[in-house]
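Here are the chains, one letter per residue:
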Amino acid sequence: MLRTEELLLNVGPQHPSTHGVFRVIVKLDGEIIREAIPVMGYLHRGTEKLAEDLSYTQIIPYTDRMDYVSAMTNNYVLVHAVEKMMQLEVPERAEFLRLIVMELQRIASHMVWWGTYLLDIGAMSPFLYAFRDREIIIDLFNELCGARLTYNYMRVGGVKWDAPEGWIDKVRKFVPYMRDKLEEYHNLVSGNEIFLSRIKGIGKYDAETAIAYGLSGANLRCTGVDWDIRKTQPYSLYNRFEFDVPVRTGGDCHDRYLLRMEEVKQSLRILEQAVEQFPAEGETMGKVPRVIRPAEGEVYAAIESPRGEIGCYIISRGKQEPFRLKFRRPSFVNLQILPKLLVGETMTNLITILGGIDIVVGEVDA
Amino acid sequence: MGEDAVVDAFINEKDGHRPYVVINSSRWTQAALTLRDHEELQCNYLRNLSGVDQETHLEVAYHLLALGSKREYCVKVKTDREQPSIPSATPIWPTANWNEREVYDLLGINFPGHPDLRRIMMPDDWVGHPLRKDYEPLDPEV
């Protein structure tokens, strides 16, 4: 019988398909992976430790740098947790602005995922399409808060900046534009036979495994589990809008792909309703004490980020700084299933499966 | 489970009336199995696992969720600062695996029964556990 010697191969940390500085050590038998050992921590900045010396408002920019592809949802989870702790009311206009930017962010984040995932698999042009359209959202954010990636937009009790004149109209015009483009994306890629043969039936797992591994977001919903925190434990204003949570049952990379595309469509639906109901005037900051000093106690708040459940666990001892701040990072938790999925797969599928999980390494390492 | 299993239990009103239970660490494995498998609890989803340095002692907080009934609990297990050790929850909820490694790395809590307890964020030869309140960096410039 023909035998090949076991080969040890390092994938990353500097490799474009690892989406950051993430490394996998793979033990190969020919082209088949026998074992995969993820190595991380290259981007660990000790956010949780740093936060213990910062006031709550000062921590907000640090959350931007965790999941830098989806900074708005990260902003939200922190301010939401503090508001929950201090039982603060947020003015309606501010909450609307937050919801609009979060849904725009979800679309932008899925665009990055879609573009880079196809780039990983070998299709160059979708990346250019995705970044062309994501640019519109980035420009909208830039106009709103002066930053393209690290927004530092939300505050405990509201948002930092009100929408400039005509901004809501731009969002309104963006919705039909994006709908049209989404159709274009599907025509361009979703039926492509080479693409389908690369992702169909790859990286399959069932609902029981997904729950045991604590997966969330599209990684959980692709196995038939109907769990989206926006619906199941509504926060912000999500219970005011009509939208569906797409669920599929195949549990493979193809299902995760279709789910994320469908989520963009649903986000557009929410945006369409939100700009219609947007209050014409109102405050953008609630009544917040000058110094934010939550009373002794602890809370856990979780929201649905584009990657899954992002949570914030705060323990306060009545000081301006949190005694302990812990982020539940969806990328970190979702990535745990990777070594299990890779055993017995070929090297080419490593990239397909890793990309399908949709990680941001800034969030994995925090 | 034994009468000494539950050390303390209360409702945290601020946290959306979430029930908090403090479990004796020697009974933790049994309690975790009950939490997951008891037909009225069915906490099949471990949302979040965090280690905390409370200065007088160390503790780990487990945020549990029953996906079916949407019920939520926060379970805490306390351990002593000198020889911190809590039975691993990885055999019960595989998602605890990397989370426990992170707690081990940053707070130095041991998890007997964990399949692969190594540092995960810091380099393997790092000295000390950065999230401890009394942590002093080897080189203050870093």
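What counts and what doesn't
- Residues numbered from 1 in each chain as written.
- Chains lettered and ligands numbered in written order.
- Predicted model: local features only at pLDDT ≥ 70, side-chain atom pairs only at ≥ 80, totals over all residues.
- Contact = placed C-beta atoms within 7 Å.
- Nonpolar A, V, L, I, M, F, W, Y, C, P; charged D, E, K, R; others polar.
- Helix = DSSP H or I, 4+ residues; strand = E, 2+ residues; numbered from the N terminus.
- pLDDT = per-residue confidence, 0-100.
- Buried ≥ 20, exposed ≤ 12 C-beta atoms within 10 Å, placed from the backbone.
- Pairing = 2+ DSSP bridges.
- Axes fitted to C-alpha atoms, helices over the stretch in contact; angles between N-to-C directions.
- Parallel < 35°, antiparallel > 145°, perpendicular 65-115°, else oblique.
- Left-handed = near helix turned anticlockwise from the far one by under 90°.

### Notes on the interface of chain A and chain B
For step 1, the next point in the chain: Taken together, the contact pairs 30 residues of chain A with 24 residues of chain B.
For step 2, the next point in the chain: Of the residues assigned to the side of chain A that touches chain B, the class counts are 14 nonpolar, 8 polar and 8 charged.

### As for unusual backbone geometry
For step 1, the next point in the chain: Although it is not a glycine, A:Asn152 sits at a positive phi angle of roughly 50°.
For step 2, the next point in the chain: Among the secondary structure elements, A:Asn152 is positioned in the loop between helix 5 (125-145) and strand 4 (154-155).
For step 3, the next point in the chain: Of note, B:Gln42 is a non-glycine position whose phi angle comes to about 45°, a positive value.

### Section: the confidence of the model for chain B
For step 1, the next point in the chain: Across chain B, pLDDT averages 89, with 97% of residues at or above 70.
For step 2, the next point in the chain: Taken over the whole predicted complex, pTM reads 0.92, whereas the ipTM for its chain interfaces reads 0.91.

### A closer look at helix 2 (residues 56-64) of chain A
For step 1, the next point in the chain: For helix 2 of chain A, the complete set of buried residues consists of A:Tyr56, A:Ile59, A:Ile60, A:Tyr62, A:Thr63 and A:Asp64.
For step 2, the next point in the chain: Where the residues of helix 2 of chain A are buried, they touch helix 1 (47-51), helix 3 (71-86) and strand 4 of chain A.

### Brief notes about the pairing of strand 5 (residues 72-79) of chain B
Residue and element names in this part refer to chain B.
For step 1, the next point in the chain: As paired elements, strand 2 (residues 18-23) and strand 5 share 4 bridges and run parallel to each other. Residue Ile-23 lies in a different strand from strand 5, and its bridge partner there is Val-77.
For step 2, the next point in the chain: Adjacent in sequence and paired antiparallel, strand 4 (residues 58-65) and strand 5 are bridged by 6 residues, among which Lys-70 carries a positive phi angle near 65°.

### A short note on the packing of helix 4 (residues 92-121) of chain A against helix 5 of chain A
Working note: a packed helix pair is described by the angle between its axes plus the distance between those axes.
Residues and elements named next belong to chain A.
For step 1, the next point in the chain: One can describe the packing of helix 4 onto helix 5 by two numbers: an axis separation of 8 Å at closest approach and a directional angle of 160°. Regarding the angle of helix 4 to helix 5, the classification is roughly antiparallel. Seen along the crossing, helix 4 lies across helix 5 with a hand that is left-handed. Judged by residue contacts, Val-101, Leu-104, Ile-107, Ala-108, Met-111, Val-112, Trp-114, Gly-115, Thr-116, Leu-118 and Leu-119 of helix 4 engage Pro-126, Phe-127, Ala-130, Phe-131, Asp-133, Arg-134, Ile-137, Ile-138, Leu-140 and Phe-141 from helix 5.
For step 2, the next point in the chain: Among the residues making up the contact of helix 4 with helix 5, the classes are represented as 17 nonpolar, 2 polar and 2 charged.

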